[in-house]
Number of protein chains: 2
Amino acid sequence: MIRGEAQEHVSNVNGVSTSSAHPPFIDRNASSALVRAYRGERGESTPVWFMRQAGRSLPEYRELRMGTDMLDACLNPAMASEITLQPVRRHGVDAAIFFSDIVIPVRLAGVDVRIVPGRGPVLENPVRSAADVAALPPLDPDALAPIREAVGLTVDALGATPLIGFAGAPYTLASYLVEGGPSKEQMLTRAMMHSDPDAWAALLSWCAEITGAFLAAQIEAGASAGQLFDSWAGSLSLADYTAHVAPFSQRAIAPARALGVPLVHFGIGTGELLAAMHGIGVDVMGVDWRLPLDEASRRLGDAVPLQGNVDPALLAAPWPVLEAHVRDVLARGKAAPAHVLNLGHGVPPTTDPDVLTRLVEFVHTHA
Amino acid sequence: MIRGEAQEHVSNVNGVSTSSAHPPFIDRNASSALVRAYRGERGESTPVWFMRQAGRSLPEYRELRMGTDMLDACLNPAMASEITLQPVRRHGVDAAIFFSDIVIPVRLAGVDVRIVPGRGPVLENPVRSAADVAALPPLDPDALAPIREAVGLTVDALGATPLIGFAGAPYTLASYLVEGGPSKEQMLTRAMMHSDPDAWAALLSWCAEITGAFLAAQIEAGASAGQLFDSWAGSLSLADYTAHVAPFSQRAIAPARALGVPLVHFGIGTGELLAAMHGIGVDVMGVDWRLPLDEASRRLGDAVPLQGNVDPALLAAPWPVLEAHVRDVLARGKAAPAHVLNLGHGVPPTTDPDVLTRLVEFVHTHA
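The rules behind each value
Residues numbered from 1 in each chain as written. Chains lettered and ligands numbered in written order. Predicted model: local features only at pLDDT ≥ 70, side-chain atom pairs only at ≥ 80, totals over all residues. Heavy atoms only, no water. Core = buried A, V, L, I, M, F, W, Y, C linked by side-chain atoms within 4.5 Å. Buried < 20%, exposed > 50% of the residue type's maximum accessible area, 1.4 Å probe, protein only. Helix = DSSP H or I, 4+ residues; strand = E, 2+ residues; numbered from the N terminus. Contact = heavy atoms within 4.5 Å. Buried area = accessible area lost by both parts, 1.4 Å probe. Salt bridge = Lys/Arg side-chain N within 4 Å of Asp/Glu carboxyl O. Polar contact = N/O pair within 3.5 Å; in protein donor to acceptor, adjacent residues only side chain to side chain. Nonpolar A, V, L, I, M, F, W, Y, C, P; charged D, E, K, R; others polar. UniProt positions renumbered as here; feature names shortened; annotations may be inferred. Pairing = 2+ DSSP bridges. Axes fitted to C-alpha atoms, helices over the stretch in contact; angles between N-to-C directions.

(A) Broad picture of the nonpolar core. Counting 125 residues, the largest nonpolar core has W49(A) and L203(A) as its most contacted members. The element best represented in this core is helix α11 (residues 197–220) of chain A, accounting for twelve residues. Filtering out sequence-adjacent residues up to four positions away, W49(A) remains in contact with L34(A), Y38(A), V93(A), A95(A), I97(A), I164(A), Q227(A), Q307(A), V340(A), L341(A), N342(A) and L343(A). Formed by 124 residues, the second largest nonpolar core is a distinct cluster that contains M70(B), V93(B), L123(B) and A338(B).

(B) Structural detail: the interface of chain A and chain B. With 30 residues of chain A at the contact, the number on the chain B side is 30 residues. Between chain A and chain B, a total of about 2200 Å² is buried, with carbon and sulfur atoms accounting for 54% of that surface. Where chain A touches chain B, the interface holds four salt bridges. In this structure, R299(B) and E272(A) form a salt bridge, with 2.7 Å as the shortest nitrogen-oxygen distance. In this assembly, chain A and chain B are joined by ten residue pairs in polar contact (both at pLDDT 80 or more). A per-element tally of the side of chain A that touches chain B places helix α10 (residues 187–195) of chain A first, with five residues. Taken together, the residues of the side of chain A that touches chain B break down into 16 nonpolar, seven polar and seven charged.

(C) Structural view of the UniProt feature "domain: Uroporphyrinogen decarboxylase (URO-D)" (unreviewed entry) in chain A. Residues and elements named next belong to chain A. This chain's UniProt record puts "domain: Uroporphyrinogen decarboxylase (URO-D)" (unreviewed entry) on residues 47–56 and 164–180. Taken end to end, residues 47–56 is 0% helix and 0% strand, and its two terminal C-alpha atoms sit 23 Å from one another. With 59% helix and 29% strand, residues 164–180 has its two end C-alpha atoms placed 28 Å apart.

(D) Representation of the sheet that holds strand β7 (residues 284–287) of chain A in the model. Residues and elements named next belong to chain A. Within the open sheet, the seven strands sit side by side as β1-β4-β5-β6-β7-β8-β9. Their pairing is parallel. The strands lining the two open edges of the sheet, one partner per strand, are β1 (96–97) and β9 (339–343). By the bridge criterion, three bridges tie β7 to strand β8 (residues 306–310) in an arrangement that is parallel. Opposite V287, over in β8, you have G308 as the bridge partner. Each of β4 (163–168), β5 (225–229) and β6 (263–266) touches α11; the most contacted strand, β4, lies at about 170 degrees to it.

(E) Spatial organisation of the sheet that holds strand β7 (residues 284–287) of chain B. All names here are of chain B. Read across the open sheet, the seven strands follow the order β1-β4-β5-β6-β7-β8-β9; overall the sheet is parallel. Of all the strands in the sheet, the pair left with one neighbour each is β1 (96–97) and β9 (339–343). Across the face of the sheet, helix α11 (residues 197–220) comes into contact with β4 (163–168), β5 (225–229) and β6 (263–266) while running at roughly 170 degrees to β4. Sitting on the sheet, helix α16 (residues 319–333) touches β8 (306–310) and β9, and the angle it makes with β8 is about 155 degrees.

So this is what it looks like as structure tokens:
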């Protein structure tokens, strides 16, 4: 019956996805508001979750993480699962997103990477040459065991609430490897892209391989959808994105794609790349706070479900200001076949969690 | 005679600027390649200069600055002038840009701001409330004396090479005041914009006043053109830019506008805002490396001279890679009435200065 419902609404979406060849995975939580919206079906209210909802904005997260290194927390199945569940319990959001870090597959492949608090992922030995790329170790599928275990624990606890798998896109992942840490404009990364196209292709292939395996493992273990984050793609021209990045993002989602669940793609400041990013073969596009959803939908032929795009800066504004903004986002989101409300970027660590809870209630009761 | 030339080519530009009511300032270096291009006239070769050409990429700069605080260097007329001249001597660029910092007018108004090396402008007491804004002191025009003196020394030494005046736009300036330092996405600034529109308007009016006086002082003292940097405007939606920022940028350029020299406006990641930014009333638009110049020109009705947009990341690439990229930029720049070659962002401090010199030679000999 649920399967029948899923097929019925999938047929309403103009070629965004087809369900005929899908393995059983397609029906995982198919009747949930989130998965239905991701499939292009508009329900009574708009589903809502928040990027980085699991994390520093929650006191229960800060307490649990105390004394545990970030990557160690991600690789501790019980802890990663509990952190993933916290915002679902507290806010009543329509989805959990798997708590992890985009460099986890890099670490699991055996590369020396750590998270420096307040800074981000840092590599002892940045990857700058063809030889550096050639020396990158393969990812043993067995190394993903703690990820599968954490996802298994999480979906058992979530029941009818879907879990979204999480992974970084090859370009964003590569930028950490090349720069050796976070960077404002990925200058060394873009230099390598043009200076040594062969090393670049080899590096992005490696990133696509490991991040693709990481995402697929989450879906195999029970996630109902997946989101690929190309956070820094906004530093690229459309030409560079299309020629040097998109083919590898496409490769990264291939294993998840084969499992049939809906996939979301998101980047920051990527309004100019929206159609190209959708073109890698995803079902849903995330939109940051810069581009109104009606304009984003127009750029995608009004045929693609959208996710976003509340300005996270307004979480710190008085409620009436935030509410007016959210009403505007919901109204513009009606231009798309379906809309999942989210922020246009991650929850700022300083956010009052009660504001997020109130926001979820508002969205759920807003027609 | 020079005046006649200027009027002749100005009449060729479709309403981009009119010269009839201009005071004598308009003819300053009017026959230079730079000013002619800014007026929309295409010469035999493309003029070229580099944002942040005066600065850390030059050993003579690092030597001169040693032991001197950044803002002290900006306020020492002999030193600021010498730093401004260094890249003109070394590279043979077609313009000098006045060496300064966008917070100089803030400092000259008496606000406690300093530049922390490797970080940027930092305020002891950020401006977060209406009371904070009301307490901002006015800028005494006499305080700009060291700026006038530095510009006077510089234009005397430059002779036929034009000097471009430099100032930050109100939004970018305000973001430093509100955040208390550099920030990735100006979250507190955008929160204030929506939470307290009156305080916001008062803050941006103050910024427009002081930065406008700073720019006009440079032009009165001898600069042949001016560039307004709204570096962080790319964090804004078009709606927010238009409603809450553009009117104040327009006010900021009014005093310079009245002096008749050509004005350039530039921001990073502002492809979506290009027409709105031009709409404040400037003659030339700077374009970062993300948007190809032919597309940028199309968005401006092929009626506006452009400046840019070499990817600074490629300064670190082998010469043939950089040359191919520059050829492409020059070819696409032909879509605009005129083009001044520049980078799409400031010179990275790690740049080999010989690459910049070679680039200037290449552009000057390229048809």
